[in-house]
Amino acid sequence: MKKLIILIPFLLFQVIRVQSQESVISVKDLKQYIGFLASDSLKGRKPGTPEIDVAAGYIRDAFQEAGLKLLADHGFQWFEVVTDARLGDKNKLVADGKEAEVKKDFAPLAFSANATVNAQVVFAGYGFDIESDSLKWSDYRDIEARGAWVMVFRADPELDNSDSKFIPYSDVRTKVLTAKDKGAAGMLLVTPKGLDKEDKLMPLVVENNEITGGIPVLSITRTLADRILSRTGYTADSLDRVISEGKAPHSLKTGVMLEATTDVEQRKAKTANVVALLEGSDPAVRGEYLVVGAHYDHLGFGGLSSGSRMPDTTAVHNGADDNASGTAMVMELAGNLAAGIPAPRRSILFIAFTGEEMGLLGSKYFVDHAPIDIKRIKAMFNFDMVGRFDKEKNSISLSGTGTSAEADSLLKPLETGLPFAVVHASDGYGPSDHASFYAANIPVFYFNTGVHTDYHTPFDDADKIDYENEKRVGDFAASVIRAVDGLKAPLSFRESGKKEQTGRTGRKLKVTLGIMPDFAGTEKKGLRIDGVTKDGPAWNAGIKKGDIITGINGQTVGNIYEYMSRLQKLKHGQTISVEVLRDGKTEVLIVQL
């Protein structure tokens, strides 16, 4: 009888334990969380708005109610982002003694440097200086650009050719860098008629960072360009025809002096990651941390440069799946893991990241300014778009399974008997916040139910979420978190997949160094390296994580855009020199591509 008395409490404990592990996610809670976060009242949760601060407070309160310890500033980890740009009062342009009208005849671009330049104007075609095996074209060969305003066309002379060899060299940032390399004092951008018949000025598109082009950059109308070209006998249209039909550069002096002042004011705003801690129950491993995170920001009302797939539509982008669904999952996991039996052994950081849609800004900031030793973080679980389960595929994606030696064997028994398949992807890098942790050599798990046609549109609404299946995904995710937490030794990190990607510039690179750049642009002296791929060109040359690239082949690299442009001109098999700043000292390394 005594044995039975002892056994019954034990069995009851086991039943409670199994129940807490098998059903931790509440459909009712998911509906409540997503319904609020994706409501019209939050206006798309754009960083820097009052509405995203309301969302942050809602998440913070949920963490606090779950019994978590709030970190940073009462749960908020604040930092600044560039949210907008406006034209200042000092913009002025005088060409050949005649003043032009700002916003009508000219306007600076958002990444223009602020300066006053009085110099002659030279016309440099499409602004190319290309020397490759398949294409040789220099618009600078017959002119002197040093100290001058350089007038160039946007795009390229083969607008109707989707396979044009000019495409990698045609973006504005690359043209500005080429002009800067030639010593130009400023750039005037003209839109050819084939690109815009209405002759509109380029919009003031914000890139969400402080990186300028280094020289003044102005969009001017073809009408103003014709005034500047009047002494040459050409117009903008006739020069475009000469170049396009002749398939050859045609550059010239204009004989016109132009004085312009550029004045662009970047608007910054504070935004916050929401960070809370569930302390571990085991003193032996309490000092090790797991991160459970998701981004809670979205696109606001959409529009140009927002990332909306309907940029011409101004409407609330509610972001129910992207990523109220992931945020709700983290909130629900926080409550249930905090109340779970048994309690987690290791400490767990629950984080709602901001600025993901701007380029992983929040997760990057957290990794760089973690309130605990970043080396003590042993795994990161990321939830991004987990609410639109595809019943035809009947599967979910779990990425990052190659970033730890133990992941596949640990996952196999957990996936047995699931009502859906789990498709593994080994790469640790990807278009979401886990990438910031992978770059810091932390094993990652990225849960995702797939992209759909409502992605980044105003139609990603809460009534389209599959709550029952999100619950099932959450139950599975909870079992994965518990399994990792229950390991005697932490996961063993290993590199899986390259740590270099195209990035927000959208340009594919012909060659790569094998690095993960700091896409957030936090370094002001060059391009910081956040990761180096083992056995890649940079690795073999001795380049290290934390190095700051300041030059390639003697040409400056000041930011991610200049780095991408430099790489566009390199070839496979080429030997290059790379200047890096390491521990305050400049080193030159030789890299075999």
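The shown structure was predicted, so the numbers you read here are calculated from the model rather than taken from an experiment.

Thresholds applied
- Residues numbered from 1 in each chain as written.
- Predicted model: local features only at pLDDT ≥ 70, side-chain atom pairs only at ≥ 80, totals over all residues.
- Heavy atoms only, no water.
- Helix = DSSP H or I, 4+ residues; strand = E, 2+ residues; numbered from the N terminus.
- Rg over C-alpha atoms; globule rule 2.2 N^0.38 Å.
- Buried < 20%, exposed > 50% of the residue type's maximum accessible area, 1.4 Å probe, protein only.
- Contact = heavy atoms within 4.5 Å.
- Arc of directions from axis to C-beta.
- pLDDT = per-residue confidence, 0-100.
- Polar contact = N/O pair within 3.5 Å; in protein donor to acceptor, adjacent residues only side chain to side chain.
- Pairing = 2+ DSSP bridges.
- Axes fitted to C-alpha atoms, helices over the stretch in contact; angles between N-to-C directions.

Structural notes on the overall build of the protein
Link 1 in the chain: Counting secondary structure elements, the protein contains 13 helices and 25 strands.
Link 2 in the chain: Whereas a compact globule of 593 residues would reach a radius of gyration of roughly 25 Å, the protein reaches 27 Å, a difference of no more than 12%.
Link 3 in the chain: With respect to the three principal axes, the spread of C-alpha positions in the protein is 110 × 50 × 45 Å.

Overview of the environment of Asp-40
Link 1 in the chain: When you line up the elements, Asp-40 lands in the loop between helix 2 (27–37) and helix 3 (50–65).
Link 2 in the chain: A relative accessible area of 55% means that Asp-40 is categorised as exposed.
Link 3 in the chain: It is 38 Å that separates the C-alpha atoms of Asp-40 and Val-217, two residues lying 177 residues apart in sequence.
Link 4 in the chain: Residues contacting Asp-40, with those up to four places away along its chain left out, are Val-316 and Asn-318.

Focus: helix 9 (residues 407–415)
Link 1 in the chain: The set of residues buried in helix 9 consists of Ala-407, Leu-410, Leu-411 and Glu-415. For helix 9, the angular spread of buried residues about the axis comes to 125°, placing them on one side. Summarising the geometry of helix 9, the exposed residues directed more than 90 degrees from the buried face are Ser-409, Lys-412 and Pro-413.
Link 2 in the chain: Those residues of helix 9 that are buried lie in contact with strand 17 (395–399), strand 18 (421–425), strand 19 (444–448) and helix 11 (467–485).

A look at the confidence of the model for the protein
Link 1 in the chain: Per-residue pLDDT for the protein has a mean of 90; in total, 92% of the residues score no lower than 70.
Link 2 in the chain: Between residues 1–23, whose pLDDT stays under 50, and residues either more than four places distant or in other chains, the model counts 11 contacts.
Link 3 in the chain: Taken together, the stretch residues 500–508 has pLDDT below 50 and engages in 34 contacts with residues farther than four places along the chain or on a different chain.

A look at helix 2
Link 1 in the chain: Residues Val-27, Leu-30, Tyr-33, Ile-34 and Leu-37 constitute the buried set of helix 2. The buried side chains of helix 2 occupy one side of the element, clustering within an arc of 130° when seen end-on.
Link 2 in the chain: Buried positions along helix 2 lie against helix 3, helix 7 (320–339) and helix 11.
Link 3 in the chain: Capping the start of helix 2 is the job of one residue whose side-chain oxygen sits 3.3 Å from the backbone nitrogen of Lys-28: Ser-26.

Structural notes on the sheet that holds strand 3 (residues 92–95)
Link 1 in the chain: Read across the open sheet, the eight strands follow the order 4-3-12-6-9-10-11-5; overall the sheet is mixed. In this open sheet, the two edge strands, each paired with only one partner strand, are strand 4 (98–99) and strand 5 (106–108).
Link 2 in the chain: Examined bridge by bridge, strand 3 and strand 12 (residues 252–261) share four bridges and lie antiparallel to one another. Residue pairing across strands places Val-94 opposite Glu-259, the latter belonging to strand 12.
Link 3 in the chain: Taken strand by strand, helix 4 (residues 172–181) contacts strand 9 (149–153), strand 10 (186–190) and strand 11 (217–220), and its axis lies near 140° from that of strand 10.
Link 4 in the chain: Where helix 6 (residues 236–246) meets the sheet, it contacts strand 6 (116–123), strand 9, strand 10 and strand 12, and its direction lies at approximately 65° from that of strand 9.

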